[in-house]
Amino acid sequence: MGAATITKPHVLVVPFPAQGHINPVLAFAKRLASEGINVTFIITTKLSKFAKISDCSSITIDYISDGSEEEVKEPETIEAYRNRIKAVFSANLAEFIQRSPAKLVIYDSTMSWVLDLAHDRGLLGAPFFIMSSAVVSIFYHLKQGSLKFPYEDSPVSLPALPTLQINDLPSLSHPFMRSSQTAFKMLVAQFLNLERADWIFINTFDMLEKEVVEWMASRWPIKTVGPTFLLQQKHDKFSNHTINLFEAKHDSYKEWLDSREIGSVVYVSFGSIASLDKEQMEELALGLIKSNCYFLWVVRSSEMDKLPENFNSEKGLIVEWCNQPEVLAHPALACFLTHCGWNSILEALSYGVPLIAMQQWVDQNTNAKFIQDVWSVGVGTGVGENGIIGREEIAMCIEQVVGGERSIELKRNACKFKKLANEAVEYGGTSANNIQDFVSKLMS
Ligand code: UDX
């Protein structure tokens, strides 16, 4: 009798084309590949033209057009983009599935139409949520109407969440969104067909958001699989963010960090989208100098001209991009001044790095609340007068976290989550078990 041939299940992974959406799903895709699954990771043709791709040999990267290659005359709203991607990308995805049969499509939760497309063609479908469970549950309450929008200015009590003030709720107004109604429509659309999903993945770990994870698990077949970058790193050290939409021009920052004392550097980054006002950029620059700490500051090329003229500091290093997990793992780090993107928070906590929250939009408000009042792993700058946070406030926050009265407590709490995050992804941990369970069901 010949040996039975085991065919690896083929899974398509479709991220939303933005850095903060690609990173967590890419790490997850690579981990699935290491579990014996045949993964095709699909990015848009436009991204493929400038993204720097490395270390992705365990998966297949393929491209589908979303129609963005053509120059759009006016800057496009997110809604216009969504409508276009839905029309063009979905037709191309349908054709792709016909050419390259698969068992399951894992897609960014904001592209909920992929589920219907998959089911219509006999494939399974699973959304991947890249934000925290707390934030996902708040979006759900918005959809249900149990949280009114526009928000009322009174404290909000929602199941399994702390009492939230208006500034702790996801802000839906941002120039990128154009109108808060557009943002509202887009965010609640994630739940339109959720009850039909075959699995629901969330990039979090149970011990970080225990109550809200339990609340969600009582409603949907959710699987917490985070922090995905750490889960992947257990197999392949630092080969995480290997589809980069930005370029680290050089890596001299590594030597710079090596030459700093343990726990002496403030790392500053606002992720891949946030754009600060020129005035805010200047206050931040002056606040960093005032703190008298060493700092490594990521200023994307589109933000560079907002720095104060001839800005130069003996104690600071500015880079356009870096390998963030590698920076956060460096012993020279004292703390991370962050815009509170969910990936940044998970990455910092995975290395026990305390935080300074300087939130900008959407989920970051709620994340900032959790950093300060739920996990006690950092302090917050607040929202500032007229929306601008002054240099004194910034310097004071840095002082508090680096050597101030609460610094030991904040570091201790951050290290507690480092331990819990690592336990979640180790063999037998909650996230690792959830993946095992999913893989064995998919294989059967
Ligand atoms: C977006 C949203 O803005 C955010 O609110 C949401 O929680 C996730 O999606 P983004 O703003 O880019 O993300 O922030 P974040 O979630 O922190 O993701 C940024 C990613 O880029 C992180 O994985 C980080 O490691 C990476 N990065 C950032 C680098 O690799 N190098 C850098 O220099 C800066």
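All chains use their own residue numbering, which begins from 1 and follows the written sequence. Given that the model is predicted, a residue must reach a pLDDT of at least 70 before its local features are reported, and side-chain atom pairs must reach 80 or more before they are shown or counted; all residues, however, enter totals for whole chains, interfaces and linings. Hydrogens and waters are ignored; side-chain quantities use all the structure's heavy atoms.

The protein chain goes by anthocyanidin 3-O-glucoside 5-O-glucosyltransferase in an unreviewed UniProt entry, where it is assigned to Perilla frutescens var. hirtella. UniProt positions are given in the numbering used here, feature names are shortened, and annotations may be inferred rather than shown by experiment. Heading Sequence similarities (unreviewed entry) of the UniProt record for the protein chain holds this comment: "Belongs to the UDP-glycosyltransferase family." Its UniProt record, at the heading Catalytic activity (unreviewed entry), says of the protein chain: "an anthocyanidin 3-O-beta-D-glucoside + UDP-alpha-D-glucose = an anthocyanidin 3,5-di-O-beta-D-glucoside + UDP + 2 H(+)".

Q: Just checking my understanding: could you explain the confidence of the model for the protein chain for this structure?
A: When pLDDT drops low, the exact placement of atoms in the prediction is not to be read closely. pLDDT: the predictor's confidence for each residue, scored from 0 to 100. For the protein chain, the average pLDDT comes to 93, and 95% of its residues sit at 70 or higher. Scored as a complex, the prediction yields pTM 0.96 and ipTM 0.99.

Q: Please explain the packing of helix α10 (residues 278-291) against helix α14 (residues 391-401) as it appears in this structure.
A: The description of two packed helices rests on the angle between their axes and on the distance between the axes. Throughout, an axis means a line fitted to C-alpha atoms (over the contacting stretch in the case of helices), and angles, computed between N-to-C directions, take values from 0 to 180 degrees. Starting at the N terminus, helices and strands are each numbered in turn, a helix being any DSSP run of H or I of at least four residues and a strand any DSSP run of E of at least two. Running from N to C, α10 and α14 point in directions that differ by 45°, and their axes come no closer than 7 Å. Between α10 and α14, the crossing angle belongs to the class labelled oblique. Along this stretch, α10 crosses α14, giving a crossing that reads as right-handed. Contacts from Q280, E283, L284, L286, G287, L288, K290 and S291 in α10 reach R391, E392, I394, A395 and I398 in α14. Put simply, angles under 35 degrees are roughly parallel, angles over 145 are roughly antiparallel, angles from 65 to 115 are roughly perpendicular, and the rest are oblique. By definition, any crossing whose near helix is turned counterclockwise from its far helix by less than a right angle is left-handed, and any crossing with a clockwise turn is right-handed. Whether two residues touch is decided by their heavy atoms; if any such pair falls within 4.5 Å, the residues are in contact.

Q: How do you make sense of the UniProt feature "domain: Glycosyltransferase N-terminal" (unreviewed entry) in the protein chain when you look at a structure like this?
A: In the numbering adopted here, UniProt assigns the feature "domain: Glycosyltransferase N-terminal" (unreviewed entry) to residues 11-53. Taken end to end, residues 11-53 has its terminal C-alpha atoms 20 Å apart, with 51% of it in helix and 30% in strand.

Q: Before we go on, may I ask you to explain the sheet that holds strand β4 (residues 60-64) in this structure?
A: Strand pairing in a sheet relies on backbone hydrogen bonds, with the paired strands running either antiparallel or parallel. Strand pairing is assigned whenever DSSP identifies at least 2 bridges connecting the two strands. An order of β4-β2-β1-β5-β6-β7-β8 is seen for the seven strands of this open sheet, with the pairing classed as parallel. The open sheet has two edge strands with one neighbour each: β4 and β8 (222-224). If you compare each strand with its neighbour and ignore which way they point, the axes differ by 25° on average. Here helix α1 (residues 19-34) sits on the sheet and contacts β1 (10-14), β2 (38-44), β5 (104-108), β6 (124-129) and β7 (200-202); the angle it forms with β2, its principal contact strand, is near 160°.

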